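Letter by letter, the chains look like this.
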Amino acid sequence: MPAQTTAPAAIELSALTKRYAPGKPAVDAIDLRIASGSYCCLLGPSGCGKSTTLRMIAGHESVSSGSILLDERDITDLPAAARGTAMMFQSFALFPHLSALDNVAFSLKMQGLGRAERQARARDLLGRVAMGHLAERKPAQLSGGQQQRVALARALITRPRVLLLDEPLSALDPFLRSQMRAELRRWQQELGLTFIHVTHSQQEAMALADTMVVMNHGVIEQAGTPHEVYNRPANEFVARFMGGHNVIDTPAGLVGVRADHLQLAPAEADLPRDAQRMQAVVTDVEYQGSHVLLGLQQQGLALSANDTAAYSVMLSEAAFAARPYPVGQAVQLHWSAGQAHPLRPPARAATALHDA
Ligand code: ADP
Ligand code: MG
């Protein structure tokens, strides 16, 4: 048996469903095991049910049906504070009028602990996130990175088994975001806790996750390591959502080919006999630094003004410099069978049958 299925699950969702209103549920009978001590990212477009899933795990949203286990304990109907989870919110949501220390100690005050113990535990945690020397500062006197560490300490003070993060980085500027991302990953490894992080950013999920869970319309389209999901997208939705892939209709069905695996040749060139191919026209050329991204349309299709390129090819800057292809150029797109991955119909097609 593969190690993945035998590793203890910190969280196990079974047929978890949330129905806000009649019709298709916001979260539709999802099954998911999240390994203990792993970094899991829930990824998908806006409205696909990520936050609802996270809020049901946190106990901030009731469950319509299905169950949630945490360390094999059924927490489906427990109040939020009794679950062993803690939440870190977007832009950290620190209390502006409280010091870092009081922000961290806040939930212990709610639990009725005495001041001396609250402060001792908060000081200890601030020390662990390298913020002990700034304990008396207010959030406005801290950098974005320092605020994130205070927010982390505040979430950890209740000694959760699982930390839940809902788009914690999405309000930050790109530079700070990638810095904070690295720091979150480092803290997760250092603490050995299970993190479940909701994001709509493919890049963020790929950078952070041990397990990436791609959702769409309330169902899970694919779960796997970033490498598995990126290299073997299960279906057309995942291939298109992850980006960097071409979805190509072949006689054998839809296949996915990575933009950096699709190759270009002059229209008149002889290709290897077994190469799969298509006649195409270059519609745009985008310089991206180390790479050049070419957009193409299949030859013979009428282009309208707002058509986006149907296919994309990523060439290294050196390869493009050696053999540039201008806009309007007729070319052959080709790929080897080994670089084309069959795409299944989306997971939703199966559930749509039940809805009808
Ligand atoms: P995501 O976090 O992936 O953007 P959400 O889980 O917030 O998605 O929302 C999933 C769906 O449920 C959306 O269609 C949204 O409009 C709906 N929804 C979310 N929260 C509520 C609510 N409190 N009441 C009714 N509908 C909601
Ligand atoms: Mg959300």
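Thresholds applied
- Residues numbered from 1 in each chain as written.
- Chains lettered and ligands numbered in written order.
- Predicted model: local features only at pLDDT ≥ 70, side-chain atom pairs only at ≥ 80, totals over all residues.
- Helix = DSSP H or I, 4+ residues; strand = E, 2+ residues; numbered from the N terminus.
- Buried ≥ 20, exposed ≤ 12 C-beta atoms within 10 Å, placed from the backbone.
- Contact = placed C-beta atoms within 7 Å.
- Core = buried A, V, L, I, M, F, W, Y, C linked by C-beta atoms within 7 Å.
- Pairing = 2+ DSSP bridges.
- Domains from an automatic or database assignment.
- Axes fitted to C-alpha atoms, helices over the stretch in contact; angles between N-to-C directions.
- Near = placed C-beta within 6 Å.
- Nonpolar A, V, L, I, M, F, W, Y, C, P; charged D, E, K, R; others polar.
- Parallel < 35°, antiparallel > 145°, perpendicular 65-115°, else oblique.
- Left-handed = near helix turned anticlockwise from the far one by under 90°.
- Expected span 1.5 Å × (residues − 1).
- Arc of directions from axis to C-beta.

Peer 1: For this particular structure, what's the right way to read the overall build of the protein?
Peer 2: Assigned secondary structure in the protein consists of 11 helices and 18 strands. Overall, the protein is about 80 × 50 × 45 Å in size when its C-alpha atoms are taken along their principal axes. Relative to its 356 residues, the protein shows a buried fraction of 37%. Of the contacts made within the protein by residues no fewer than 6 positions apart, 64% connect residues no fewer than 24 positions apart.

Peer 1: Would you mind showing me how to read the nonpolar core here?
Peer 2: For soluble globular proteins, the rule of thumb is that nonpolar side chains tend to be buried together. Counting residues in hydrophobic clusters, the biggest one holds 88 residues, and the most contacted among them are Val-104, Leu-126, Leu-164, Ile-196 and Val-213. With residues up to four places along the chain from it excluded, the contact list for Leu-126 reads Ala-100, Leu-101, Val-104, Met-131, Gly-132, Ala-135 and Ala-153.

Peer 1: I tried to follow the sheet that holds strand 18 (residues 341-342) on my own but got confused; where do I start?
Peer 2: Strands belonging to one sheet form pairs held by backbone hydrogen bonds; the direction of such a pair is parallel or antiparallel. Judged by pairing direction, the sheet is antiparallel, and its 3 strands sit side by side in the order 11-12-18 without closing on themselves. Two strands in the sheet have a free side with no partner beyond their single neighbour: strand 11 (245-250) and strand 18. Examined bridge by bridge, strand 11 and strand 12 (residues 253-258) share 6 bridges and lie antiparallel to one another. Following the sheet pairing, Ile-248 is matched in strand 12 by Val-255.

Peer 1: Whenever I open this one, the environment of Leu-78 confuses me. Can you help?
Peer 2: Tracing the sequence through the fold places Leu-78 in the loop between strand 5 (73-74) and strand 6 (85-88). For the pair Leu-78 and Arg-115, spaced 37 residues apart in sequence, the C-alpha to C-alpha distance is 28 Å. If we skip the residues at most four places from it in the chain, Leu-78 touches Gly-59 and Arg-83.

Peer 1: So what exactly am I meant to see when it comes to the domain arrangement of the protein here?
Peer 2: When the parts of a complex come together, some accessible area is lost, and that lost area is often taken as the interface size. For the protein, the assigned domains read domain 1 (3-236) and domain 2 (247-342). For domain 1 and domain 2, the distance between their C-alpha centres works out to 40 Å.

Peer 1: Looking at this structure, how should I read the sheet that holds strand 9 (residues 211-216)?
Peer 2: With respect to topology, 6 strands assemble into an open sheet ordered 6-7-8-3-9-10, the strand pairing being mixed. Strands with a single pairing partner mark the edges of an open sheet, and in this sheet they are strand 6 and strand 10 (219-224). Neighbour-to-neighbour, the strand axes of the sheet open up by a mean angle of 20°, direction not taken into account. Here strand 3 (residues 39-43) pairs with strand 8 (residues 194-199) via 5 bridges, running parallel. For Leu-42, the partnering residue across the bridge sits in strand 8 and is Val-198. Here helix 5 (residues 144-156) sits on the sheet in contact with strand 6 and strand 7 (162-166), set at roughly 160° to strand 6.

Peer 1: Explain the site of ligand 1 here, please?
Peer 2: In the vicinity of ligand 1, the residues found are Tyr-20, Ala-26, Gly-44, Ser-46, Gly-47, Cys-48, Gly-49, Lys-50, Ser-51 and Thr-52. A per-class count over the shell around ligand 1 returns 3 nonpolar, 6 polar and 1 charged.

Peer 1: Even after reading the chapter, I still don't get the packing of helix 3 (residues 100-110) against helix 4 (residues 115-128), so can you show me in this structure?
Peer 2: Geometry of a packed helix pair, given as the angle between the helix axes and the separation of the axes. For the pair helix 3 and helix 4, interaxial distance at closest approach is 9 Å and the crossing angle is 125°. Put simply, helix 3 runs oblique to helix 4. The two elements helix 3 and helix 4 meet at a crossing, and its hand is right-handed. Along the contact surface, helix 3 presents Ala-100, Leu-101, Val-104, Ala-105, Leu-108 and Lys-109, while helix 4 presents Arg-118, Gln-119, Arg-121, Ala-122, Arg-123, Leu-125 and Leu-126.

Peer 1: In this structure, what is going on with helix 4? I would like to understand it.
Peer 2: Because an α-helix packs 3.6 residues into every turn, residues spaced three or four apart end up facing the same way. With 14 residues, helix 4 extends 20 Å between its outermost C-alpha atoms, agreeing within 8% with the 20 Å of an ideal straight helix rising 1.5 Å per residue. Buried within helix 4 we find Arg-118, Ala-122, Leu-125 and Leu-126. Each buried residue of helix 4 sits inside an arc of 100° when the element is viewed along its axis, so together they form one side. For helix 4, the exposed residues lying more than 90 degrees away from the buried face are Ala-116 and Glu-117. Where helix 4 is buried, its residues contact helix 3 and helix 5. Two residues or fewer past helix 4, Ala-130 is found with a positive phi of approximately 60°.

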